[in-house]
Structures are given as structure tokens and as C-alpha cells.
Amino acid sequence: MKKMQDDPIRIQNIVAAGPVADSIDLTHLLNAVPECRFDKKRFPGAVYYMQDPKAVALIFGSGKVVITGIARQEDLVPATKNLLAVLKTANIACHDEPRVSVRNIVCTCSFGRECNLVRMVASLMDSDWVEYEPESFPGLVCRLTDPKVVFLLFSSGKAVITGGTNLADIRKGLEIFREKLGRTGVL
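Residues numbered from 1 in each chain as written. Predicted model: local features only at pLDDT ≥ 70, side-chain atom pairs only at ≥ 80, totals over all residues. Heavy atoms only, no water.

Q: Explain the sheet that holds strand 7 (residues 140–143) residue by residue, including any values.
A: What the nine strands build is an open sheet, ordered 2-3-4-1-5-9-8-7-6; its pairing is antiparallel. Single-partner strands in this sheet number two, and they are strand 2 (45–51) and strand 6 (130–131). Judged from the five bridges that link them, strand 1 (residues 10–19) and strand 4 (residues 64–70) form a sheet pairing that is antiparallel. Following the sheet pairing, Gly18 is matched in strand 4 by Val65. Across the sheet, helix 4 (residues 167–184) lies against strand 1, strand 5 (101–110), strand 7, strand 8 (150–153) and strand 9 (158–164), angled at about 40° from strand 5, the strand it touches most. (Pairing = 2+ DSSP bridges. Helix = DSSP H or I, 4+ residues; strand = E, 2+ residues; numbered from the N terminus. Contact = heavy atoms within 4.5 Å. Axes fitted to C-alpha atoms, helices over the stretch in contact; angles between N-to-C directions.)

Below is the structure:
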């Protein structure tokens with residue numbers, strides 16, 4: 001997990017996706033790469049676990065892939081190269097320049113104290129960007145539109161931040177979120 005000094009944001013998972021080939025014969029891939037797992041009755045794609053960097057690739061017959069489990073942004077390029085090398089070893093024709101890009105970064109942060117979610121909802125009652133239904137989900141859901149990030153705030157004072165595609169947007173969203181809660185006097 002990446003944690004910069006004095007940075008309240010910790011990356012938990014990065015999800016990237018995109019096309020790497022025009023198509024991939026998953027049965028051939030399974031036969032050529034024994035480390036791949038493929039059971040079309042359970043999931044429509046092959047699963048390939050990478051060790052260096054640690055990541056998981058979901059490989060689809062359409063030629064598209066999803067790479068997940070990455071904990072550092074700088075590991076995306078090596079993970080993609082690792083996957084392409086495995087596909088090429090299996091004689092799968094890959095694009096010269098695959099368009100795999102970050103689709104979601106999941107982070108966590110802590111506000112350093114417990115939060116009274118009921119009071120927060122009462123303070124933000126007229127806001128259409130906040131939802132709190134403790135019967136369905138124990139956290140306060142806050143959706144920002146610019147940047148497009150979602151905060152899941154729990155009474156422990158810890159939050160999950162999702163939906164961002166880069167850390168700059170996540171940091172900007174955290175700043176806006178703190179400012180909005182600060183104006184209400186609940187944080």
C-alpha cells in the first residue's frame with residue numbers, strides 16, 4: 001500500500017482496463033499458460049495472477065483486460081508489460097500500444113476522530129450529494145460531481161474514497177469534502 005509521508009490518503013487498489021488485442025482465444029490461452037484459470041460456466045474471462053508486481057488480470061475473449069489488485073500507480077506499466085509478455089508467449093497477437101488505463105482508484109483515509117453520522121446528515125439535509133440509510137449500509141455516502149469521487153464515511157471516522165482515476169482528483173475531492181463538512185461544524 002502506498003502512503004506518502006504525512007499523506008492521509010492510502011491507496012488500497014487500482015483498477016485499470018482496456019483492449020490489448022483484437023480477440024483472445026481463451027481455451028488456447030488456458031492450454032498455453034497453465035497458470036491461467038478459466039471456467040466459462042462460472043466467469044466469462046480467464047484469470048491470471050501476477051507476482052511481480054502483484055496483480056490480477058481478467059482476460060476476456062474480446063481482447064479486453066482488467067488489471068486489478070495494484071497498490072501503487074507505478075506498478076501499472078510493469079503489470080501490463082508482464083501480462084503482454086505472457087500473452088505473446090502464448091502466441092496471441094497483441095496491439096503494439098495497448099490502451100490500458102486507470103478506471104478506478106480505491107483509497108482510504110481517516111479523519112482522526114469518530115463522526116456522528118446522524119448529526120452530519122441533519123446538517124447536510126438539503127444536500128443531494130449525501131445519502132445515509134443505516135438500515136441498508138452503515139456509512140454515509142457522499143457523491144461529488146467535480147471531481148467525480150465517492151466517499152463512504154463511517155462513524156469510526158474512517159472513509160473509503162472511490163471513483164477517482166488519479167490522485168490529484170482524489171486529493172481535490174478530499175479537500176472539498178472536508179470543506180463542506182467543516183462549514184457545517186460537524187468535522
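Q: Go over the nonpolar core with me, naming the residues and quoting the values.
A: One finds Leu29, Ile59 and Leu153 to be the most contacted residues of the largest nonpolar core, which totals 54 residues. Ranked by residues supplied to this core, first place goes to helix 2 (residues 76–89) with six residues. Inspection of this core shows a minimum of three residues originating in each of domain 1 (16–101) and domain 2 (111–183). If we skip the residues at most four places from it in the chain, Leu153 touches Phe111, Cys115, Leu117, Met120, Gly139, Leu140, Lys158, Ala159, Phe177 and Leu181. (Core = buried A, V, L, I, M, F, W, Y, C linked by side-chain atoms within 4.5 Å. Buried < 20%, exposed > 50% of the residue type's maximum accessible area, 1.4 Å probe, protein only. Domains from an automatic or database assignment.)

Q: I'd like a rundown of the environment of Thr165, residues and numbers included.
A: Summarising the element assignment, Thr165 is placed in the loop between strand 9 and helix 4. Judged by relative accessible area, which is 36%, Thr165 ranks as partly exposed.

Q: I'd like a description of the pairing of strand 7, backed by residues and values.
A: Here strand 6 runs beside strand 7; their pairing, made up of two bridges, is antiparallel. Within the sheet, the bridge partner assigned to Val130 lies in strand 7 and is Cys142. Pairing analysis gives four bridges linking strand 7 to strand 8, with the strands arranged antiparallel. Paired with Arg143 across the strands is Val150, a residue of strand 8. Once strand 7 ends, the chain turns through six residues before running back antiparallel as strand 8.

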